[in-house]
Amino acid sequence: MATHKLLLLPGDGIGPEVSTELLKVVAFMGEAGVAQFEIEKGLVGGVAYDTHGQSISEADMTLAKEADAVMFGAVGGPKWDAVPYDARPEAGLLRLRKDLDLFANLRPAICYPALADASSLKREIVEDLDIMILRELTGGVYFGEPKQIIDLGNGQKRGIDTQIYDTFEIERIGRVAFELARKRRNKVTSSEKRNVMKSGVLWNEVITALHKREYPDVTLEHQLADSLGMQLVRWPKQFDVIVTDNLFGDMLSDVAAMLTGSLGMLPSASLGEVNAKTGKRKALYEPVHGSAPDIAGKGVANPIAMIGSFGMALRYSFGLADAADMIEKAISSVLDQGLRTPDIKGAATSTVSTVEMGDAIVAALRKGA
Ligand code: NAD
Ligand code: IPM
Ligand code: MN
């Protein structure tokens, strides 16, 4: 049985709560003989700031670079509102993404049949939804320079962020989109705002040329990002793979989360380029949701996004697609049994805790779902 090295960074708020449930599923995979996981733990976010004065320490960055995959909970919270900008909890996550060059962020939005009524949209709009939002994760306005606030000296200040995309960044995320589509329903929707932004004009040109050159068998369409936001809530089933930049991807994936019933349902994978020599790639897996300060410590957070993120690790880092399918089946089965954390309560009459949901998923895994 292969042994894989995981670095677990639970972070803040509900991060540690959902991480505890994740560990039960990791342990199950060892017991079931699927694979053995060696787990190291580190600090990220506010809890790292409290301990080291920075949102991730150099030692934990080294562990992240050496791990086969990083499992990340969530960071942030009102406790750290006054922390200097560079040391704020979110900076730790952004550094991990940038320094590990995790440019491809896969955010699948799948609506389990049992949850079609938990969405704020009508059942027929979301039932059986299965789309993939592919977000560029290491470029654009998140990292472009200059990024600063300057004092204009006349009582006015100026806040500056810079949106930058180079050809190679658009090409490599485009390739991931087309490759994903070939294994799904063979359609890519590329999204930018070329009607306003030069980076959008280039994005559109590069994706169009790449498609023509290397992926003519895949259907490609372009949608302006504002219109795509509208289409996502009007008729989301028209999409297969949506590829877009860092900021639009951030917003559109939160919108897509509500199609599935709750932010607590959405897993994600952040992947680097495959190393030609080792065949391996750097990777970090995290729920799309944040630290949820409003419910932290209450034991009611939904652990499904975190557990689903481990499923993505099995699929994309360890080639264990069958085990990943097992996790999805187990999640589906507990939802079919009617188990609901409060965020996906819908019309249900009772709810379960974070721990009960985690235990039920492990029980379903034991039973072979
Ligand atoms: P959030 O995702 O933390 O919460 C938004 C809403 O969704 C809240 O009402 C919350 O209770 C609910 N929610 C989120 N996850 C849930 C779960 N697993 N189960 C049940 N309900 C859940 O977003 P926010 O409130 O805008 O941000 C809070 C903090 O988290 C901020 O500091 C933000 O920067 C940070 N954040 C971190 C990440 C991350 O670590 N990847 C992602 C988003 C936001
Ligand atoms: C996400 C989050 C992060 C982002 C924050 C916490 C930096 O919202 O992963 O979606 O904006 O990318
Ligand atoms: Mn976000």
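Note on numbering: residues in each chain are counted from 1, in written sequence order. Numbering of ligands from 1 and lettering of chains from A proceed in the order in which they are written. In keeping with the model being predicted, local features are shown solely for residues with a pLDDT of at least 70 and side-chain atom pairs are shown and tallied solely at 80 or more, while totals for entire chains, interfaces and linings include all residues. Hydrogens and water molecules were not included; the side-chain quantities draw on all heavy atoms of the structure.

Where strands meet in a sheet, backbone hydrogen bonds hold them as pairs that are either parallel or antiparallel. One open sheet holds the ten strands; their spatial order is 2-1-3-12-11-4-5-10-8-9, and the pairing between them is mixed. Of all strands in the sheet, those bounded by a partner on one side alone are strand 2 (36-41) and strand 9 (219-224). Strand-to-strand, the axes of this sheet are offset by a mean angle of 25 degrees, without reference to chain direction. Of the strands in this sheet, strand 1 (3-11), strand 3 (69-74), strand 4 (104-110), strand 5 (130-136) and strand 12 (283-287) are in contact with helix 4 (residues 89-99), which crosses strand 12 at around 145 degrees. Two residues qualify as a contact provided that any one of their heavy atoms is within 4.5 Å of a heavy atom in the partner residue. The axes used here are C-alpha line fits, helices contributing only the stretch in contact, and every angle between their N-to-C directions lies in the interval 0 to 180 degrees. For helices the rule is a DSSP run of H or I covering at least 4 residues; for strands it is a run of E covering at least 2, with both sets numbered from the N terminus onward. Strand contacts of helix 10 (residues 304-316): strand 1, strand 2, strand 3, strand 4, strand 5, strand 11 (267-271) and strand 12, with the helix running at about 40 degrees to strand 11, the strand carrying the most contacts. DSSP bridges decide pairing: two strands pair if at least two such bridges lie between them.

All right, on to the pattern of salt bridges then. When a carboxyl oxygen of Asp or Glu is within 4 Å of a side-chain nitrogen of Lys or Arg, the pair counts as a salt bridge. For the structure shown, the criterion picks out 25 salt bridges. The residue R172 makes a salt bridge to D101 at a minimum N-O spacing of 3.4 Å. Separated by 71 residues along the polypeptide, R172 in helix 6 (residues 167-182) and D101 in the loop between helix 4 and strand 4 bring together distant segments of the chain. The exposure class of D101 is partly exposed, given its relative accessible area of 36%. In this structure, the salt-bridge partner of E192 is R194, at a minimum N-O distance of 2.9 Å. Partly exposed residues are those whose accessible area sits between 20% and 50% of the maximum for their type, while under 20% is buried and over 50% is exposed, using a 1.4 Å probe and protein chains only.

Our focus in this paragraph is the domain arrangement of the protein. How big an interface is tends to be reported as the loss of accessible area on association of its parts. In this document the domain limits rely on a domain assignment from an automatic tool or a database. Taken domain by domain, the protein consists of domain 1 (1-111 + 262-369) and domain 2 (130-259). In this complex, domain 1 contributes 22 residues to the contact, which on the side of domain 2 involves 23 residues. Defined in terms of a 1.4 Å probe, buried area is the accessible area two parts forfeit on being brought together, summed over both. A combined buried area of about 2,000 Å² lies between domain 1 and domain 2, and 62% of that area is made up of carbon and sulfur atoms. By the criterion of area lost to domain 2, the three top residues of domain 1 are F103, R107 and A109, representing 31% of everything that side buries. Summed over the shared surface of domain 1 and domain 2, the result is one salt bridge. Every element with two or more residues in the side of domain 1 that touches domain 2 is listed here: helix 4 and strand 4. The leading source of residues in the side of domain 1 that touches domain 2 is strand 4, at seven residues. Ten residue types, Ala, Val, Leu, Ile, Met, Phe, Trp, Tyr, Cys and Pro, are classed as nonpolar, four, Asp, Glu, Lys and Arg, as charged, and the remainder, Gly among them, as polar. For the side of domain 1 that touches domain 2, a count of residues per class yields 14 nonpolar, three polar and five charged.

Take helix 9 (residues 246-259) next. Because an α-helix completes one turn every 3.6 residues, residues spaced three or four positions apart along the sequence face the same direction. In a helix, the anticipated span is given by 1.5 Å times the number of residues less one. Here helix 9 is 14 residues long and its end C-alpha atoms lie 20 Å apart, about the 20 Å a rise of 1.5 Å per residue gives. Here the buried face of helix 9 lies against strand 4, helix 5 (123-126), strand 5, strand 8 (187-192), helix 8 (225-234) and strand 10 (241-244). Pairing of N or O atoms within 3.5 Å defines a polar contact, subject to two protein rules: one partner must be a possible hydrogen donor and the other a possible acceptor, and residues neighboring in sequence count only if both atoms are side-chain atoms. Of the residues flanking the start of helix 9, the one acting as N-cap is D245, its side-chain oxygen 3.1 Å from the backbone nitrogen of L247. Positive phi appears at G261, one or two residues downstream of helix 9, with a value of about 115 degrees.

Moving on, we come to the site of ligand 2. Near residues are defined by distance, with any heavy atom within 4 Å of the molecule or strand qualifying the residue. Around ligand 2 sit E90, R97, R107, R135, Y142 and D250, and those are all the residues in its vicinity. One of the side-chain N or O atoms of R97 is found 2.7 Å from an oxygen atom in ligand 2. Within the side chain of R135, one N or O atom sits 2.8 Å away from an oxygen atom of ligand 2. Against a free-state accessible area of 320 Å², the protein chains account for coverage of 78% of ligand 2. Both domains that furnish three or more residues to the shell around ligand 2 are identified here as domain 1 (1-111 + 262-369) and domain 2 (130-259). Accessible surface is estimated by sampling points in the Shrake-Rupley manner with a 1.4 Å probe; for residues, cover comes only from the protein chains shown.

Our focus in this paragraph is the environment of D325. On the secondary structure map, D325 appears in helix 11 (residues 321-336). For D325, a relative accessible area of 37% corresponds to the partly exposed category. Sequence separation between D325 and K5 is 320 residues; the distance between their C-alpha atoms is 21 Å.

Moving on, we get to the pairing of strand 12. Within strand 12, five of the five residues are buried, which leaves it mostly tucked inside the rest of the structure. In strand 12, alternate side chains face the same way, and those of A283, Y285 and P287 on one face and L284 and E286 on the other are all buried. Here two bridges tie strand 3 to strand 12, and the two strands are oriented parallel to one another. Along strand 12, the bridge assignment pairs V70 with L284. One ladder, built from five bridges, connects strand 11 with strand 12; its direction is antiparallel. Its bridge partner being in strand 12, A269 is matched across the sheet by Y285.

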